[in-house]
Amino acid sequence: MAKTVLYNGKIYVERGRYAQALLQEDGFIRMVGSDEEVLASAAGAEKIDCRGKTVVPGFNDSHMHLFYMGRAMFFPDLTKARRAEDLTELCRTYLEKNPHSKGFTAAGWNEETWEPRHRRKPNRADLDQVSVEIPIVLTRVCAHACCVNSYVLKKLGIDRAHTGFEGAGVEVDENGEPTGILTEKAFHAALDLVPNLTREELKQALAGAMEYAVSRGLTTVQSNDIGYVIKDQEACCALMKEVYDEGRGLLRYTGQMFYDDAESLRAYCESPQFGESYADDWFRRGPLKLLKDGSLGARTALLGFDYADDPGNRGVEVNSDAYMQEMIHCAHDHGMQVVVHAIGDEAIRRVAAMYDEANGSSGENPLRHSLIHCQITDEALLSHIKASGLLVAYQPIFLQSDMHVVPTRCGDEIMKTSYAFGTAAETGIHASYGTDSPVEDLDPFACIYCAVTRKDLKGQPAGGFYPAECVDVETAIDAYTMESAYHEFREDVKGRLKAGYYADLVVLDRDIFTCEPEAILGTNPVLTMVGGKVVYRAD
């Protein structure tokens, strides 16, 4: 591979330290220093003049769903809906264009953002107007609830007399009739009724998602797709390898793996594929991914208290403690990291205790077991996480919508210690950042903006939402790069622009360290490089 030198830049090395130039060769950074020093060692190298622009390590999203984001391009964009009736029209339009569809799913509706006079959830009647002959599943923005048509309810055996569904919720009206709103395991059962894309369409979805990701400065994603978007893990990995073999894999991908049971997990852990790295570390099989609870938007996050706006409801235990313990111990005993979706304080408390049991009395966490989301916390929980050495994968972008909803769900008092980005940084908790895309857009700059300002995307509230938990820009950048690399055991080669690290970097159109906090939101990449290859240039 030809050598490349980036010069005349403001290259972020670490807090308080910047360089002017950087030399990469064979995908690795060989030298970082002044223009004079680096250019003197760059004979024969391609030269890229940064024109004074800021250069940061490539962003590494520590939890998202890249396949699902790419797959969404084939279906209606429900974020455009402003009322339930809009969902009906969007689906009708899709079906008119795809009359031979055997069923479809789409995502992104959020009734909490609609005007008060339109603020009702969609129901089966809305979708029955589209079709009752094929499965239609419309996923709420939180990805823990959906609305389905009568076809789906019938196929799942859900009616007035049969609304029980373990680890899930089936909403009924005042007459006991299912409304079409399903949560958690019932939601996933509904998704299973929808035909998947073809193999070529799935590859197109993955490649398209990667193109968008590198255009926003991402160079690595830790993504939970394997075992979800394609149930057969080996088939999913084979498809992904084809994308890399065809030269369409533009960024590094670490899979957060899903397995249904300990038997299948054990078989994987004892197979030659365990922990596989492929295509020079561009594709890797990573940790086991589990779910303990749901979401706050769907009122299925597991709380240690009643929902303030739904007395008697404390959320949904998606998977039992017994199941979780069996899976965690199986992974732990085979040297496999575990990452668990836990949003509510009770879910976090239980998962932390399970990790402690697996780790023993040492107080250490050698496999870097992690809490994904970790949103509702009190001081005792945060102290427990620190003392046990547990990792946290935060999504600061969640604040932009949650700040308008969650206080009514959980009360104001616990908000003071929730979404605790500042406390995590101050106490030394290993906290990485990501977006959970497509729950939110994968844009890292909106996420950094929310972490730094604790405001929504319209700049509200003026003083920030519990601003004591704000972080500075360096902390946010480090969480999105260095800490995300730590989350996947790659901190020796990712997350810094230093000699010996991968040449994964982003040139920005503004100085993100000195611009006004509100201006972070409009930041755009000028160039993205992965492994020394320029994979994106702005027009």
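Report on the accompanying structure. (Residues numbered from 1 in each chain as written. Predicted model: local features only at pLDDT ≥ 70, side-chain atom pairs only at ≥ 80, totals over all residues. Heavy atoms only, no water.)

## Re the pairing of strand β1 (residues 4–7)
Phase 1: Pairing of β1 with strand β6 (residues 46–49) involves 4 bridges; the strand directions are parallel. Directly across from T4, in β6, lies its bridge partner E46.
Phase 2: Bridge count between β1 and strand β4 (residues 21–25): 3 bridges; the pairing is antiparallel. When the bridges of β4 are listed, V5 appears paired with L23. (Pairing = 2+ DSSP bridges. Helix = DSSP H or I, 4+ residues; strand = E, 2+ residues; numbered from the N terminus.)

## Let's talk about helix α11 (residues 345–359)
Each turn of an α-helix holds 3.6 residues, which means side chains three or four residues apart point in the same direction.
Phase 1: Across its 15 residues, α11 extends 21 Å between first and last C-alpha, which sits within 8% of the 21 Å expected from 1.5 Å per residue.
Phase 2: What α11 keeps buried is the set D345, E346, A347, I348, V351, A352, M354, Y355, A358 and N359.
Phase 3: Of the surrounding elements, those touching the buried residues of α11 are α10 (321–333), β18 (338–342), β19 (370–373) and α12 (379–387).
Phase 4: Phi turns positive one or two residues past the end of α11, at G360, with a value near 80 degrees. (Expected span 1.5 Å × (residues − 1). Buried < 20%, exposed > 50% of the residue type's maximum accessible area, 1.4 Å probe, protein only. Contact = heavy atoms within 4.5 Å.)

## A closer look at the pattern of salt bridges
Phase 1: For the structure on display, the rule yields 46 salt bridges.
Phase 2: Of the charged contacts in the structure, one is a salt bridge between R120 and E85, with a shortest N-O distance of 3.2 Å. Of the two residues, R120 is situated in the loop between β9 (104–109) and α4 (124–128) and E85 in helix α3 (residues 84–97); the sequence distance between them amounts to 35 residues.
Phase 3: Here R299 and D309 are joined by a salt bridge, their closest N and O atoms 3.1 Å apart. One end of the pair, R299, is in the loop between β17 (283–291) and α10; the other, D309, is in the loop between β17 and α10, with 10 residues separating them in the sequence.
Phase 4: Judged by relative accessible area, which is 23%, R299 ranks as partly exposed.
Phase 5: Assessed through its relative accessible area of 30%, D309 is described here as partly exposed.
Phase 6: When salt bridges with common partners are traced through the structure, they connect K292, E317, D321, D345, E346, R349, R350 and D378 into a single cluster. (Salt bridge = Lys/Arg side-chain N within 4 Å of Asp/Glu carboxyl O.)

## Examining the nonpolar core
Grouped burial of nonpolar side chains is what soluble globular proteins tend to show.
Phase 1: Counting residues in hydrophobic clusters, the biggest one holds 128 residues, and the most contacted among them are L66, L296 and Y394.
Phase 2: Per-element tally for this core: the top contributor is helix α16 (residues 444–453), with 8 residues.
Phase 3: When near neighbours in sequence (up to four residues on either side) are disregarded, L66 contacts L206, A209, M210, V221, S223, D225, L251, Y253 and L442.
Phase 4: Counting residues in hydrophobic clusters, the runner-up holds 16 residues, among them L6, A19, Y501 and V507. (Core = buried A, V, L, I, M, F, W, Y, C linked by side-chain atoms within 4.5 Å.)

## Considerations on the sheet that holds strand β7 (residues 54–57)
Phase 1: Taken together, the 6 strands give an open sheet; going across it, the order is β3-β2-β7-β22-β23-β24, and neighbouring strands pair in mixed fashion. Both outer strands of the open sheet, β3 (17–19) and β24 (533–537), are each paired with one neighbouring strand and no more. Adjacent strand axes in the sheet meet at a mean angle of 25 degrees, parallel and antiparallel pairs treated alike.
Phase 2: In the sheet, β7 pairs with strand β22 (residues 505–508) via 3 bridges, with the strands oriented antiparallel. The partner of P57 across the bridge, within β22, is L505. (Axes fitted to C-alpha atoms, helices over the stretch in contact; angles between N-to-C directions.)

## Notes on the state of the cysteines
Phase 1: With the rule as written, the count across this model stands at 0 disulfides.
Phase 2: With no disulfide partner, C142 has as its closest neighbouring cysteine sulfur the one in C146, 9.7 Å distant.
Phase 3: Left without a disulfide partner, C470 is nearest to the cysteine sulfur of C450, which lies 10 Å away. (Disulfide = S-S within 2.5 Å.)

## Observations concerning the packing of helix α9 (residues 262–269) against α10
Phase 1: At a minimum axis distance of 10 Å, the contact between α9 and α10 shows a crossing angle of 10 degrees. By the angle between their directions, the pair α9 and α10 is classed as roughly parallel. Only E326, M327, C330 and A331 of α10 make contact with α9, whose side of the interface consists of A262, L265 and R266. (Parallel < 35°, antiparallel > 145°, perpendicular 65-115°, else oblique.)

## What about the packing of α11 against α12?
Any two packed helices are characterised by the angle at which their axes cross and by the distance between the axes.
Phase 1: Contact pair α11 / α12: the axes reach a minimum separation of 11 Å and the direction vectors enclose 25 degrees. The angle between the axes of α11 and α12 places the two elements in the roughly parallel class. As for the relative orientation of α11 and α12, their crossing is left-handed in sense. For the pair α11 and α12, the contacting residues are D345, I348, R349, A352, A353 and D356 in the first and L381, H384 and I385 in the second.
Phase 2: Classifying every residue of the contact of α11 with α12 gives 5 nonpolar, 1 polar and 3 charged. (Left-handed = near helix turned anticlockwise from the far one by under 90°. Nonpolar A, V, L, I, M, F, W, Y, C, P; charged D, E, K, R; others polar.)

## Digging into the packing of aromatic side chains
Two measures describe an aromatic ring pair: the distance that separates the ring centres and the angle between the ring planes.
Phase 1: Here the structure, examined in full by the defined rule, presents 17 aromatic pairs.
Phase 2: Judged by centre distance (5.7 Å) and plane angle (50 degrees), the rings of Y12 and Y18 are tilted.
Phase 3: Residue classification places Y12 among the buried positions, given a relative accessible area of 0%.
Phase 4: Plain terms: the ring middles of F59 and F445 are 5.4 Å apart, the flat faces sit at 90 degrees to each other, and that makes the pair edge-to-face. Highlighted residues: F59 in strand β8 (residues 59–64) and F445 in helix α16, separated in sequence by 386 residues.
Phase 5: The exposure class of F59 is buried, given its relative accessible area of 0%.
Phase 6: The buried category is assigned to F445, whose relative accessible area is 0%.
Phase 7: Site record: aromatic cluster; members linked through ring pairs are F59, Y394, F421, Y433, F445 and Y480.
Phase 8: Taking the ring centre of W282 as reference, the NZ or CZ of K533 above it sits at 5.3 Å. (Phe/Tyr/Trp six-rings, centres within 6.5 Å; stacked < 30°, edge-to-face > 60°. Lys NZ or Arg CZ within 6 Å of the ring centre and 35° of its normal.)

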